[in-house]
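Topology and contacts: notes
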Amino acid sequence: MSILIDTNVVSELMKNQGDPTVLSWFARCALDDLHIAVTTLQELRYGIARLSPGRRRSGLEAGLDDIRQRRFSGRIIDIDQAAALRCGEIRAAADRDGRPAGLADAEIAAIALTRSMTVATRDLADFAGFGVALVNPFDPKASP
């Protein structure tokens, strides 16, 4: 099973002491099955760039470099035309349902849908109604 990991899960991997349940779930997964979207890189970079210079920011920048260059090297997925079109459909449907979707979540869902992937996220409600398979690595009962 190919899994696209949402930003909140990747954030746990960047922490000095990430959530033990998430770290255990990650350790049980086959690394070749785990991917992240360029959208996640953008969200992480944005969060880091908002911080004042200092030890915390430097540590997170090093963690982001590790994510890009080592942990997920070769497994970072761009948004292509098919996913971009699907993202627009997702957002329009969410608007019609009266629960507007955030662009980042819609992009991640669209990438997963166009590639038959499962999204790993804590924010199940944010992806509800998108039609994408979900797994919550913060749930001790979740299997990879």
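Structural data are supplied above this passage.
No experiment lies behind these values; they were computed from the predicted model shown. (Residues numbered from 1 in each chain as written. Predicted model: local features only at pLDDT ≥ 70, side-chain atom pairs only at ≥ 80, totals over all residues. Heavy atoms only, no water.)

This brings us to the sheet that holds strand β3 (residues 76-77). Paired through their backbone hydrogen bonds, the strands of a sheet run either parallel or antiparallel. Taking strand neighbours across the sheet as the criterion, the five strands line up as β3-β2-β1-β4-β5 in an open arrangement whose pairing is parallel. The strands lining the two open edges of the sheet, one partner per strand, are β3 and β5 (133-135). Across three bridges, strand β4 (residues 118-120) lies against β5 in parallel orientation. By the bridge assignment for β5, T118 is matched with A133. (Pairing = 2+ DSSP bridges. Helix = DSSP H or I, 4+ residues; strand = E, 2+ residues; numbered from the N terminus.)

The next subject is the nonpolar core. Nonpolar side chains in soluble globular proteins tend to be buried together. With 22 residues, the main nonpolar core has I5, W25, L34 and F72 as its most contacted residues. When contributions to this core are tallied by element, the ones reaching two or more residues are β1 (3-5), α1 (7-14), α2 (20-28), β2 (34-37), α3 (38-49) and α4 (55-71). Here this core takes four residues from α1, the largest share from any one element. Ignoring sequence-local partners within four residues, the contact set of W25 consists of I3, L34, A120, V135, P137, A142, S143 and P144. Counting 20 residues, the second largest nonpolar core, distinct from the first, contains I90, I108, A112 and V132. (Core = buried A, V, L, I, M, F, W, Y, C linked by side-chain atoms within 4.5 Å. Buried < 20%, exposed > 50% of the residue type's maximum accessible area, 1.4 Å probe, protein only. Contact = heavy atoms within 4.5 Å.)

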